[in-house]
Amino acid sequence: MSDPLSSVWGVADGWIDETPCGGWPWEGVEPGPGLAAAVAGVEVDALPGEATASLLKACDRLLGWAQVQAGRAMVAVSDAVTEASRPAPGVVSSDRDAWLGEELAAALRVAPATALGKAAAAEEVLRVHPRLGEAVESGALSWTQASVLGQGVRPLRGLRDDRGRDLAEVALSVLLPDAGRYPPARLRERVAAFVVRLAPQAAAERRRREARDRTGVEWWAESDGMACLAVRGLAPDLLALRGRIHAAADRLRERTADGQPGAAAGQPDAQAGQPGGAGEGEAPTLGQWRVGALLAAFGVTPLDPALAAATASAAAPGATAPTTVGQCSTTAPGASADPGSAADHGPSSRPGHVADPAPPRPEVRILIDLATLFGLVDAPAELEGYGPIDPELARALAADADWVRWVSDPVTGHLLDAGTRRLPTPAMARQVRARDARCSHPTCGRRAAGCDVDHVPAYRRTGRTHMDQLAVACPRHNRRRDQAGWLAEPHPAVDLTGGPAPVWTSPLGQRYATLRSPLLPASPPGRPPPPPQDTDAPPDPDDLPPF
């Protein structure tokens, strides 16, 4: 079924609970003491499966009500600490946050920083935007959803539109009614996209400031001899880097499988008892191959013997010889560790060796509407695998030949242009993956690029394959749903132009209708496209687009 907010923005799919009422005593009871009494003393083990799912939903609504009460107490504690720590009437102590953190940490048995985070969330949900707290208390939102909304619109505070309205409140007015249909991760994308839409220039300024202040490489130690190296930078750069790493890892694995120099994956004797090895009789995991490819790119030989042998064959003549971590030895650029090293005898010097082809460039896609691409409006775009980005960055990427540009119609959101590079799939599957953002299962967030093209309903029931019966589903929800007892069928109110929006029925009989959105609908926020009007009549100012 169509997303009721698709005329505003549709990045993430949500779902509607269409499970009919089962007549259980807790159903229809408002969150609060009455609901607590209804669920208290229930013999859960004696309930049928569909009743246990209904009870779980009721308890979750009750939990939200309790979190609001705890949040109010936390705000009251914050006010009391502020008053108690004043050095003089009307003066707030510079140590107020430290005293508050310690007070809350002692009461809640958490770290002071964690306690201050909880207090800030309570302040945001209950005092800055009180309607968020009201929605949680009524059961319309969870506490986490309310926190995502409050934090998400924070960049809009203090900004006003041409009517003098606070943009943060404008965003909440549009997003709040249907926010309960989205899990926090997808709701966060939805809010971020709408924030960019309302204030695109401010979004571009924030991106430039964050790129200057937060870009860097960080390292920290972990347990069991492990560590983490984290790179933070602009999402397009790091998506391209990730694609390079994945492609290099695939080439290393293929080289090993084809019998080229490098240890065979799963060679037991080479790995048994070695430091960092995959383990006796075990092949390196996909993660190990990727880390090995990254190390090899910078001339570092992995400790894992299988990966070390495979990556050694990747060294090119004249390149920096590898740093062998396990032997604590290094070599200078252009030098060799020994007469038989890969630095002296690169792949091109081996008799009969055919040089590896140039590595393929990773394919990263930008979804941008036509009007934004031409600079007529400033609607947010989507960077596949990341989420919404500001229009300034999107136009710069769309003009780069190394990126795949997908252009959508600004009114219907339908795909107009999928770029000039052909994806390695049939045309119909390519179109479906371009149209559908994610796996159609309500709780799955896997992107379409890693999904199967699925028949809804199943092919065995119709015997035909058509665009209006195809949706994307991840391998697990496509190939194993029958085994798990899930059923997917098309919604009776589906919009055929956008493909099927399946209704998923769980093994416990719960029905969830997936919400589908166009790629990048670009109508003005909160306003449908204006109806046809007499060209001689003066235009209504409210119907004018915001540019």
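Residues numbered from 1 in each chain as written. Predicted model: local features only at pLDDT ≥ 70, side-chain atom pairs only at ≥ 80, totals over all residues. Heavy atoms only, no water.

Student: Describe the overall build of the chain, naming the residues involved and giving the relevant values.
Tutor: Each helix and strand in the chain was counted, giving 19 helices and 15 strands. Sequence-distant contacts, at least 24 apart, represent 59% of the contacts inside the chain between residues at least 6 apart. Working note: accessible area of the chain is about 28400 Å², and carbon and sulfur atoms make up 56% of it. (Helix = DSSP H or I, 4+ residues; strand = E, 2+ residues; numbered from the N terminus. Contact = heavy atoms within 4.5 Å. Areas by Shrake-Rupley, 256 points an atom, 1.4 Å probe, with all protein chains shown as cover.)

Student: Requested: an account of helix H7 (residues 167-175), with residues and values cited.
Tutor: In terms of burial, H7 is a largely internal element, seven of the nine residues being buried. Every buried residue belonging to H7 is among Leu 167, Ala 168, Val 170, Ala 171, Leu 172, Val 174 and Leu 175, and all of these are buried. Buried residues along H7 sit against helix H5 (130-138), helix H6 (143-152) and helix H8 (184-198). Between the side-chain oxygen at the start of H7 and the backbone nitrogen of Ala 168 there is a gap of 3.0 Å, and the oxygen is on Asp 166. (Buried < 20%, exposed > 50% of the residue type's maximum accessible area, 1.4 Å probe, protein only. Polar contact = N/O pair within 3.5 Å; in protein donor to acceptor, adjacent residues only side chain to side chain.)

Student: Give a description of unusual backbone geometry that names residues and reports values.
Tutor: A positive phi is found at Arg 109, a non-glycine position, where the angle reads about 60°. Within the secondary structure, Arg 109 is located in the loop between helix H3 (96-108) and helix H4 (112-128). Residue Asp 224 is not a glycine yet carries a positive backbone phi of 60°. Counting through the fold element by element, Asp 224 comes out in the loop between strand E2 (216-221) and strand E3 (227-232). Judged by relative accessible area, which is 75%, Asp 224 ranks as exposed.

Student: Account for the sheet that holds strand E14 (residues 502-505), with residues named and values stated.
Tutor: As summarised here, the arrangement of the four strands in space is E1-E15-E14-E13, forming an open sheet in which the pairing is antiparallel. The sheet terminates laterally at strand E1 (15-17) and strand E13 (487-490), the two strands that pair on one side only. Geometrically, the sheet is characterised by an average inter-axis angle of 25° between neighbouring strands, direction not taken into account. One ladder, built from three bridges, connects E14 with strand E15 (residues 511-514); its direction is antiparallel. When the bridges of E15 are listed, Trp 504 appears paired with Tyr 512. (Pairing = 2+ DSSP bridges. Axes fitted to C-alpha atoms, helices over the stretch in contact; angles between N-to-C directions.)

Student: Which residues make up the pairing of E15, and what values go with them?
Tutor: In the sheet, E1 pairs with E15 via three bridges, with the strands oriented antiparallel. By the bridge assignment, Ile 16 is partnered in E15 with Ala 513. If you look at the hairpin formed by E14 and E15, you'll find five residues sitting between the two strands, and Gly 509 has a positive phi there, around 85°.

Student: Tell me about the pattern of salt bridges, residues and numbers included.
Tutor: Tallying each qualifying case throughout the model produces 24 salt bridges. As a salt-bridge pair, Glu 169 and Arg 131 come within 2.5 Å of each other at their nearest N and O atoms. Placement of the pair is Glu 169 in helix H7 and Arg 131 in helix H5, with a sequence separation of 38 residues. Judged by relative accessible area, which is 29%, Glu 169 ranks as partly exposed. According to the relative accessible area criterion, Arg 131 is partly exposed, its value standing at 26%. Each member of the salt-bridge network shares a partner with another, and the members are Glu 189, Glu 382, Arg 438 and Arg 447. (Salt bridge = Lys/Arg side-chain N within 4 Å of Asp/Glu carboxyl O.)

Student: Lay out the packing of helix H2 (residues 49-84) against H3 in plain terms, naming residues and giving numbers.
Tutor: Two elements in contact, H2 and H3, have axes separated by 10 Å at closest approach and are oriented at 135°. In terms of axis orientation, H2 runs oblique to H3. Crossing geometry of H2 relative to H3 is assigned as right-handed. Here H2 contributes Met 74, Val 77, Ser 78, Val 81 and Thr 82 to the contact with H3, which in turn contributes Arg 96, Trp 99, Leu 100, Glu 103, Leu 104 and Leu 108. Tallied by class, residues from the contact of H2 with H3 come to seven nonpolar, two polar and two charged. (Parallel < 35°, antiparallel > 145°, perpendicular 65-115°, else oblique. Left-handed = near helix turned anticlockwise from the far one by under 90°. Nonpolar A, V, L, I, M, F, W, Y, C, P; charged D, E, K, R; others polar.)

Student: Outline the nonpolar core, supporting the account with residue identities and numerical values.
Tutor: Grouped together as the largest cluster of nonpolar side chains are 40 residues, with contacts concentrated most on Leu 132, Leu 141, Leu 149 and Leu 156. Those elements giving two or more residues to this core turn out to be H2, H3, H4, H5, H6, H7 and H8. Sort the elements by how many residues they give to this core and H7 lands first, with seven residues. If sequence neighbours within four positions are ignored, Leu 132 has contacts with Val 125, Leu 141, Ala 146, Leu 149, Gly 150, Leu 172 and Leu 176. One finds Ala 235, Leu 239, Leu 393 and Leu 397 within the second-largest nonpolar core, a separate group that totals 10 residues. (Core = buried A, V, L, I, M, F, W, Y, C linked by side-chain atoms within 4.5 Å.)

Student: Summarise the packing of aromatic side chains; cite the residues concerned and give the values.
Tutor: The tally for this structure, following the rule as stated, stands at two aromatic pairs. Summarising the aromatic geometry, the rings of Trp 24 and Trp 26 are spaced 5.9 Å apart at their centres and angled 10° between planes, so their arrangement reads as stacked. Relative accessible area serves as the criterion here: at 2%, Trp 26 is assigned to the buried category. (Phe/Tyr/Trp six-rings, centres within 6.5 Å; stacked < 30°, edge-to-face > 60°.)

Student: Go over the environment of Ala 249, please, and point to the residues and values.
Tutor: Within the secondary structure, Ala 249 sits in helix H10 (residues 235-257). Judged by its relative accessible area of 0%, Ala 249 falls in the buried class. As a C-alpha pair, Ala 249 and Leu 286 span 37 residues in sequence and 8.0 Å in three-dimensional space. With residues near it in sequence (within four places) discarded, Ala 249 still touches Trp 289, Arg 290 and Ala 293.

Student: Account for the side chain of His 129, naming residues and giving values.
Tutor: If you trace the backbone, His 129 turns up in the loop between H4 and H5. Since its relative accessible area comes to 2%, His 129 is described here as buried. Once you skip the residues sitting within four places of it in the chain, His 129 turns out to touch Glu 124, Gly 150, Val 153, Arg 157, Ala 168, Glu 169 and Leu 172.

Student: Hey, could you go over the pairing of strand E6 (residues 365-369) for me, with residue numbers and the actual values?
Tutor: Among the five residues that make up E6, five are buried, leaving the element largely enclosed by the rest of the structure. The sheet contact formed by E6 and strand E7 (residues 381-383) spans two bridges and is antiparallel. Its bridge partner lying in E7, Leu 367 is registered against Glu 382.

Student: Mind laying out the packing of H2 against H5, listing which residues take part and the relevant values?
Tutor: Helix packing for two helices is described by the angle between their axes and how far apart those axes are. Contact pair H2 / H5: the axes reach a minimum separation of 7 Å and the direction vectors enclose 140°. It follows that H2 is oblique to H5 by the angle criterion. For the crossing formed where H2 meets H5, the hand is left-handed. Residue-level contacts link Gly 64, Trp 65, Val 68, Gln 69 and Arg 72 of H2 to Gly 133, Val 136 and Glu 137 of H5.

By themselves, these observations are geometric and do not establish any function.
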